[in-house]
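One-letter residues, chain by chain:
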Amino acid sequence: MRLEAKDLGISIGTQKILNDINIQIGHNRFNGIIGPNGSGKSTLLRSLFNVLRPDCGYISFNDRVLTSYKRIELAKNIAVVPQQQSLFEITVEKVIQMGLYPHKSFFEKISDNELKYIDHIIDLLGLNKLKNRDVTTLSGGERQMVLLARALAQKTPILLLDEPTNHLDIYYQILFLDNLKSLDKLLVVVFHDLNLASKYCDHLFLMSQGTIIGEGSPQDILTKSIIRQVYGLDVEILENPKTGKPVVVL
Amino acid sequence: MKFKLLVSIVLICLVMCVMLSIMIGFVDYSFKELIYRLLFDDLSLRREIIINIRLPRALAAAMVGGTLAVCGVVTQAVARNPMADPYLMGVSSGASLGAMICLLVFGGSIGSFGLSSSAFLGALLSSSLILAMSFKTSASVYHMILIGIAINALCSSLGSLLIYLSNDANLLRTLVFWLMGSLAPASWENLFWVFLASFIGLIFFIANSRNINLINLSDDEAISLGLSPKNFRLLCLVFVALMTASSVAFFGMIGFVGIIVPHILRFLFGGDHIALLPLSFFSGGCFLVLVDLLARSIATSEIPLGVITGLLGSPFFFWLLLGKWRVS
């Protein structure tokens, strides 16, 4: 599985948001995109599943240009957990079943095996008690878990997540990311929290002003000088004694 | 299983409502007589009343009610707004305006097909305007409903202008009829066109009920689950226009059905469109059959349907909004 952006530029209206992006995703399993507000992280993620079309350059998936894929083909390969949730009065189980829609033709029923698979995901993410609840009555953390479950039900090799731990308390942040880490999928996750990015990611892409200004392991990217340059903050970097990963101390 | 049981119960209710509507009126029938007249009698006037007046009218009420409820459900999903409805968003008034212009140009000589086609063109034009302006201004779906309201105001004003300028008393009565709605003109001929449009639209929507669930999410989520939301939204509005136009062309503007029925069903059974669409069709049918029965029973002369749906709908809507009937 390989996602690649080559000389990518994207504008929204007259505003240039992304500029000259060159990245390859696929060598590492857990990839993080970090950077200050307005650096273009979400725009880059949205362009990776073809919501935004490039002005110049291209994105390719498995060496084929992304725009040449039908939406339904992409949905079988790339699942997304969006930043903004837009849910309506429907049970948790039905929301998760939406993940199967790309695999279904018009009148095709959901098979018993697929229902078992949905139950397996519900078990995996500990959503059993919420299964028959109206999703609009859930807390932010619970909803986020449901959206992850829906993305898992899509059975895709690639999962994109846009700031999935926003608005979650520390318990749900860890629960959510532990679940994510245990998945056998290529993950691309936008992070605001540098310590969470450091703890979970194998590879980080650092963005600033619409372009990638650095990439590498958390040890390579989360250094005092880079954080001062990008965020304008003086921080201390310690080493986590358990994982050996850097910890940013304000 | 629960879904099939629910749909079956509502379908049985619809059949009972239709039979009740046939039995009650200026001439009353017992259930036994109704069956006898339908199956064994072939000449009497009482049978003629059933076959050519009561039955097409009851079926028209069922079909139009179902159509308007389904159009309400779909418009609310497309606009991602629970207040959206073809009546509110100018699709109905577009259809009405199309039919009015057609009547003014061709007079009474225009046939059912011509009337229906012009109503469809009117509905399609108003839907296209909503979409074109939404795309042109990159408006969010929330702005889409505001554009719809503006187009509704435009079509209604043009309709009122036509009525104001009309000198022909007969034509004037016909035009006013569109603004109030009535099932009195129901016949087998116009029932055929309504049935055809409803059938085509309903099959499309039921086949796409999963996609209608997706269009109710954000555009990014819909795309990530394999849907092209802009194209699908357009397609939905074309079918809404087709279905609404066929009803409005023959029976005028009947408001509120597309809001009341879907809301009651969402309160009771949730918002999954796989269940909501067939349930809305049959429940909307029940609702309008009963409203029509009321319209022709409570006074010596028939009361326009739009008046009854408005009178019933508004207080009921307030009651719902106050949360008196929340079934979890």
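Residues numbered from 1 in each chain as written. Chains lettered and ligands numbered in written order. Predicted model: local features only at pLDDT ≥ 70, side-chain atom pairs only at ≥ 80, totals over all residues. Heavy atoms only, no water.

In this structure, A:Leu159, A:Leu180 and B:Phe205 are the most contacted members of the largest nonpolar core, which totals 150 residues. If you tally residues by element for this core, the top one is helix H3 (residues 45-79) of chain B, at 18 residues. If you look at the next biggest cluster of nonpolar residues, it comprises 31 residues, including A:Leu8, A:Ile59, A:Leu74 and A:Val80. (Core = buried A, V, L, I, M, F, W, Y, C linked by side-chain atoms within 4.5 Å. Buried < 20%, exposed > 50% of the residue type's maximum accessible area, 1.4 Å probe, protein only. Helix = DSSP H or I, 4+ residues; strand = E, 2+ residues; numbered from the N terminus.)

What follows covers the interface of chain B and chain A. A common way to report how large an interface is uses the accessible area buried once the components associate. Each side of the interface is counted separately: chain B has 27 residues, and chain A has 32 residues. Note on chain B versus chain A: buried area summed over both sides is about 2300 Å², and carbon and sulfur give 57% of it. At the boundary of chain B with chain A, the tally comes to three salt bridges. Of the charged contacts, one joins B:Glu221 and A:Arg150 as a salt bridge, the two residues approaching to 2.7 Å between their closest N and O atoms. Between chain B and chain A we count eight residue pairs in polar contact (both at pLDDT 80 or more) in total. Contributing elements (two or more residues each) for the side of chain B that touches chain A: helix H8 (188-207), helix H9 (209-215), helix H10 (219-224) and helix H13 (273-295) of chain B. Each residue belonging to the side of chain B that touches chain A can be placed in one class, and the counts come to eight nonpolar, 11 polar and eight charged. (Contact = heavy atoms within 4.5 Å. Buried area = accessible area lost by both parts, 1.4 Å probe. Salt bridge = Lys/Arg side-chain N within 4 Å of Asp/Glu carboxyl O. Polar contact = N/O pair within 3.5 Å; in protein donor to acceptor, adjacent residues only side chain to side chain. Nonpolar A, V, L, I, M, F, W, Y, C, P; charged D, E, K, R; others polar.)

Here we take up helix H1 (residues 41-48) of chain A. By the criterion of burial, H1(A) is predominantly enclosed, with six of the eight residues buried. All buried positions along H1(A) are accounted for by A:Lys41, A:Thr43, A:Leu44, A:Leu45, A:Ser47 and A:Leu48.

Glancing now at the packing of helix H1 (residues 2-23) of chain B against H13(B). Two packed helices can be described by the angle between their axes and the distance between those axes. Residue and element names in this part refer to chain B. Contact geometry for H1 and H13: axes closest at 9 Å, N-to-C directions at 15 degrees. Relative to H13, the element H1 is oriented roughly parallel. The element H1 and its partner H13 pack so that their crossing is left-handed. The segment H1 lies against H13, with Phe3, Leu6, Val7, Val10, Leu11, Cys13, Leu14, Cys17, Val18, Leu20 and Ser21 engaging Ile274, Ala275, Pro278, Leu279, Phe282, Ser283, Gly285, Cys286, Val289, Leu290 and Leu293. (Axes fitted to C-alpha atoms, helices over the stretch in contact; angles between N-to-C directions. Parallel < 35°, antiparallel > 145°, perpendicular 65-115°, else oblique. Left-handed = near helix turned anticlockwise from the far one by under 90°.)

Remember that the coordinates give geometry; whether it matters functionally is a separate question.
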